[in-house]
Structure formats: C-alpha cells, structure tokens
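# Close look at the chain arrangement
Here's the letter readout for the chains.
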Amino acid sequence: AAAQAWGPLSLLHALIVAPLRFLTGFNGEIDAQAAVEFFLREYERKLVEAPRRPASAAAGAGEGGNDHVESDDAGEEEALQPRFRSASYHEALTEAIENEKLLLVYLHSSQHPDSAEFCRTILGAPQIAALINSSMVAWGGCVEFEEAHWLSEQLSVASFPYVGVIEPPPNTRSTKAKLVECLEGLVDSGLALAKLTRAADHYGSIIAGRVAQRYEANERQRLREEQDEALRLSLEQDRRRAEERRAKEEQELMARMEQEEEENLRRAEEEEARLAEEDRVNEIMRKQDRMLPEPEDVRGETTSIRFQMPSGLRFQRRFLKGDTLQYLRDFVDCELLDREITLPNYAVVLNFPKKIFGPDYDHSRTLEECGLVPQAVLFIQDLDS
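My aim in this report is to walk through the structure given alongside it, one point at a time. (Residues numbered from 1 in each chain as written. Predicted model: local features only at pLDDT ≥ 70, side-chain atom pairs only at ≥ 80, totals over all residues. Heavy atoms only, no water.)

## With respect to the overall build of the chain
When helices and strands are tallied, the chain shows 10 helices and nine strands. By the burial criterion, 37% of the 385 residues in the chain qualify as buried. Sequence separation of 24 or more characterises 71% of the internal contacts of the chain that already satisfy a separation of 6 or more. Of the roughly 23000 Å² of accessible surface on the chain, 52% is carried by carbon and sulfur atoms. (Helix = DSSP H or I, 4+ residues; strand = E, 2+ residues; numbered from the N terminus. Buried < 20%, exposed > 50% of the residue type's maximum accessible area, 1.4 Å probe, protein only. Contact = heavy atoms within 4.5 Å. Areas by Shrake-Rupley, 256 points an atom, 1.4 Å probe, with all protein chains shown as cover.)

Here is the structure:
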C-alpha cells in the first residue's frame, strides 16, 4: 500500500484525535452517526461546564450588543437551544434543500477553551437559538472526527469555535452549496445575531424569488395544461361531431338505399301488374274475337242468364244449353272490359240451389250440366274483396 501523505491539517487532526479516542473510548473506524451522537453529548456537556456570567457583565460585553440577546432568566436560556440534527452533514444538507432553509454548521473543538462559553452565550442565546430553529437546519460536529474535520478543510476554517452559514443548492441534483456567513472564535453575541439575521434575511429574499419563479412556472404549466385540456376537449368534440355526422350520413344513405330499393320493388311490382293486366286485357280481346253473336231464343235449346254485379249493375244474355261454363266466363270478362270494370279474380254464384263456380271449378261442363237451363240469375262475387 502507498504511504499516506501527511499535510499540516491532517497531522494536526491525527494528533488531536489520538488522545480523544483514548479518553472517550472510540477506537478503530468511527461511523458518522456515532460521531454525531458524540457531538450532541459533548454540546450538552459544554453547556453545563460553561461559567454563567453575571447580568452586569453580560450587559457590558461587546458594543452594547449582548444586552438584547442574553436573557436574565437562566431557565429560558436552558430551555431554548438550537435543534442540532442527529444526522450526517449530507443528510442535514438534503433536509435544508428540501425545506428551503439555510444550513448552519457548527464545528466544535472539545479541546478549545472557548468552546463552552461559545455554546452558552452565542448558540445558546435565546434570540440566536430562535433564529436558528426558525430559519435554518442546524448541524454540528466535532473536528476530531472525520466528517467535521473534512468540512473544516472545505471551509478553510482558521480558528475555533466555528459557525458557517451555508446556502444550499436549489435542488439535490446540484452540489453548489455556498458559504454566505461565518463566525470564527468567541465573537460578540450581538454581532453574531446581526450576521445570522442578515444571512437569514438575504436567503429569505432568495427563497421569495424562487417561490415567485415556481409560482410563475406553475401558472405557466397550469395555463399550458388548461390550453392542452381545452384543445383536447375541442378535438374530442370535433371527433364526436365528425362521428355523428358520419353516422347520420350513413343512416341517410341507408335510408335512401332502402327507399330506392322499395321504390324499385314497387316499380317492379307495378310493371309486373301492368304487364299482367296488359296480358289479361289482350287475352280478353282475343276472347271477344272468338265470341259468337247472341243466339236466337229457341225453346229447349237456349237459356237466359242474368248477371248481377256487387255494385248492383245488371246485364243479361242468351246462351246455348251446350255452351261451356268457360264460354260463360269469357262473356263476363268481355262485358266487364267493355264496361271498364277491372275484376280479375271472381266467382259466379247461383243462390238456389247454392252453387259457386269459382276459378277452380271445372269450366268444361256445359250450362245444362251446371243446372243453368232454361234460365238463371248469377251473382258476380269479387274474390279479392
């Protein structure tokens, strides 16, 4: 293994740590949590060890600064103390970033003669402690241990006790923490309060700017989201309208197709009926050509038949007794055509005795065989009505 390079600070650190570990019982590697716990116990012990100055001495210290910081009530001093975090420096820095507070770093030297007095009159001053607790995340460490010693090198600490006020980066992805204020050695409490207050006020304005920027960014984001939502709703509405329009057009097209199909079917049926009627009329006209003149009345050879329509219309003709029922129907067809009466489906009915000579009757039978000689009254019955 390569020999360790010993710088002046590293050598000083090793000389301080060796007897401290011997006295405190710390041996081998000391983790960050154990170092923090040792600092918290050491801080409480220094508060107890620190001599309490009379009120008159406190009032005369510095340039009139301590009289408004130090409290004559010892119970208030003991009750209000900075709340140092029981965590590593980096964890405390993360907390400061997340809560948008300054990070107050107190580097404590157990062997320094001013440490106890500094803990009581500076950090323990009610106004300073209240300021720290409200505006800062407090972290402390003994420089005899690795993390605090490393931090003292980073901050270029010249004397102890030491307090550094660090402005954390805007987010945890950045590492640009900045030292904005420091207290080195046993300084006047009024001066300490003024420096810490100035740092807190300055950072407060920075945070206010960040809040304003975030608010503006959030407002822009909200506006964009509202615009995007409005656009989405508009597009959705346009899509629904287009779908409704297509559905309506499809329904109208289907309706037109059905209507056209029905119209075509109707026209086909009408054409079929027209052709059928044309064929029927042509057939009747051929029957007219075959129809013989009405025979003379010859007793025993002819029969007189009277026809009566449903409308009450009557007509009469003589037939030979040997004429067929088909010949009688041919005459009825010709008579109806001449009278412009359309009756394609009918039956000839004899009321007494009751006989119905329909389309399915044997039309080859003679009138005599059908009982229509020497005379008869036949009713024309519309079978489609």
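Structure's up, so let's keep going.
## Digging into a negative patch on the surface
Together, Glu301, Asp362, Glu368 and Glu369 make up a negatively charged patch on the protein surface. Here Asp362 lies in the loop between strand S8 (355–357) and strand S9 (375–382). Exposure remark for Asp362: the relative accessible area of 41% places this residue in the partly exposed category. (Patch = residues over 30% accessible without salt bridge, like charges linked within 9 Å, V, L, I, M, F, W, Y side chains within 5 Å. Salt bridge = Lys/Arg side-chain N within 4 Å of Asp/Glu carboxyl O. Lys, Arg positive; Asp, Glu negative; His and termini not counted. Charge placed at Lys NZ, Arg CZ, Asp CG, Glu CD.)

## Overview of the pairing of strand S2 (residues 136–142)
Taking burial as the measure, the seven residues of S2 include seven buried ones, the bulk of the element. Every second residue of S2 is oriented toward a common face, with Met136, Ala138, Gly140 and Cys142 on one face and Val137, Trp139 and Gly141 on the other, all of them buried. Alignment of strand S1 (residues 102–108) against S2, held across seven bridges, turns out to be parallel. Across the sheet, the residue bridging to Leu107 is Gly141, located in S2. (Pairing = 2+ DSSP bridges.)

## What about the side chain of Glu42?
Position of Glu42 among the secondary structure elements: in helix H2 (residues 32–49). Here the side chain of Glu42 touches Ser110 through a polar contact of 3.2 Å, side chain to side chain. Setting aside its immediate chain neighbours within four residues, Glu42 contacts His108, Ser110 and Cys142. (Polar contact = N/O pair within 3.5 Å; in protein donor to acceptor, adjacent residues only side chain to side chain.)

## Remarks on the sheet that holds strand S3 (residues 162–167)
Remark on secondary structure: sheet strands pair via backbone hydrogen bonds, oriented parallel or antiparallel. Reading across the sheet, the four strands line up as S2-S1-S3-S4 and stay open at both edges, with mixed pairing between neighbours. Each edge of the open sheet carries a strand with a single partner, namely S2 and strand S4 (178–184). The average undirected angle you get between the axes of adjacent strands in this sheet is 20 degrees. When S3 meets S4, the two strands line up antiparallel, connected through six bridges. For Glu167, the partnering residue across the bridge sits in S4 and is Lys178. (Axes fitted to C-alpha atoms, helices over the stretch in contact; angles between N-to-C directions.)

## Description of helix H9 (residues 189–290)
The end-to-end C-alpha distance of H9 is 146 Å, a good match for the 152 Å that 102 residues give at a rise of 1.5 Å each. The N-capping residue of H9, defined by a side-chain oxygen 3.0 Å from the backbone nitrogen of Gly190, is Asp188. (Expected span 1.5 Å × (residues − 1).)

## Quick notes on the packing of aromatic side chains
Per the stated rule, a full pass over the model turns up 16 aromatic pairs. Ring centres of Phe38 and Phe145 lie 5.2 Å apart, and the angle between their planes is 65 degrees; on these two criteria the pair is classed as edge-to-face. Taken as a pair, Phe38 in helix H2 and Phe145 in the loop between S2 and helix H8 (146–154) lie far apart in primary sequence, 107 residues in all. Ring centres 5.5 Å apart and planes at 80 degrees place the aromatic pair Phe319 and Phe331 in the edge-to-face group. You can see Phe319 sitting in strand S6 (residues 314–320) and its partner Phe331 sitting in helix H10 (residues 325–338), a full 12 residues away along the chain. A network of ring pairs unites the aromatic residues Phe39, Tyr43, Phe84, Tyr106 and Phe118 as a single cluster. The ring of Tyr346 has Arg329 lying over it, and the distance from NZ or CZ to the ring centre is 4.3 Å. (Phe/Tyr/Trp six-rings, centres within 6.5 Å; stacked < 30°, edge-to-face > 60°. Lys NZ or Arg CZ within 6 Å of the ring centre and 35° of its normal.)

## Notes on the pattern of salt bridges
Following the criterion strictly, the structure yields 24 salt bridges and no others. Between Glu219 and Arg222 there is a salt bridge, with the nearest N and O atoms lying 2.7 Å from each other. With Glu219 and Arg222 both in helix H9, this residue pair falls three residues apart, about one helical turn. Take Glu219: its relative accessible area is 26%, and that puts it in the partly exposed class.

## Describing the sheet that holds strand S5 (residues 302–308)
With mixed pairing, the five strands of this open sheet are ordered in space as S6-S5-S9-S7-S8. Edge positions in the sheet fall to S6 and S8, since each has one partner strand and no second. For this sheet, the mean inter-axis angle between neighbouring strands, taken without regard to orientation, is 30 degrees. Pairing geometry for strand S7 (residues 346–350) and S9, over five bridges, is antiparallel. When the sheet's bridge partners are listed, Ala347 is paired in S9 with Gln381. Where H10 meets the sheet, it contacts S5, S6, S7, S8 and S9, and its direction lies at approximately 145 degrees from that of S6.

## A closer look at the layout of surface pockets
Its boundaries defined by the atoms lining it, the largest pocket holds a volume of some 310 Å³. Residue lining of the largest pocket: 17 residues in total, with Tyr89, Leu93, Trp150, Thr175 and Ala177 positioned closest to the centre. Taken together, the elements giving at least two residues each to the lining of the largest pocket come down to helix H5 (89–99), H8 and S4. With five residues, the single largest contributor to the lining of the largest pocket is H5. By residue class, the composition of the lining of the largest pocket is 10 nonpolar, six polar and one charged. (1 Å grid on protein atoms, 1.4 Å probe; cavity = no way out; pocket = protein on both sides within 12 Å on 5 of 7 lines; lining within 4 Å. Points joined across faces, edges and corners; volume = space filled by probe spheres on them. Nonpolar A, V, L, I, M, F, W, Y, C, P; charged D, E, K, R; others polar.)

Shape descriptors only; they carry no functional weight alone.
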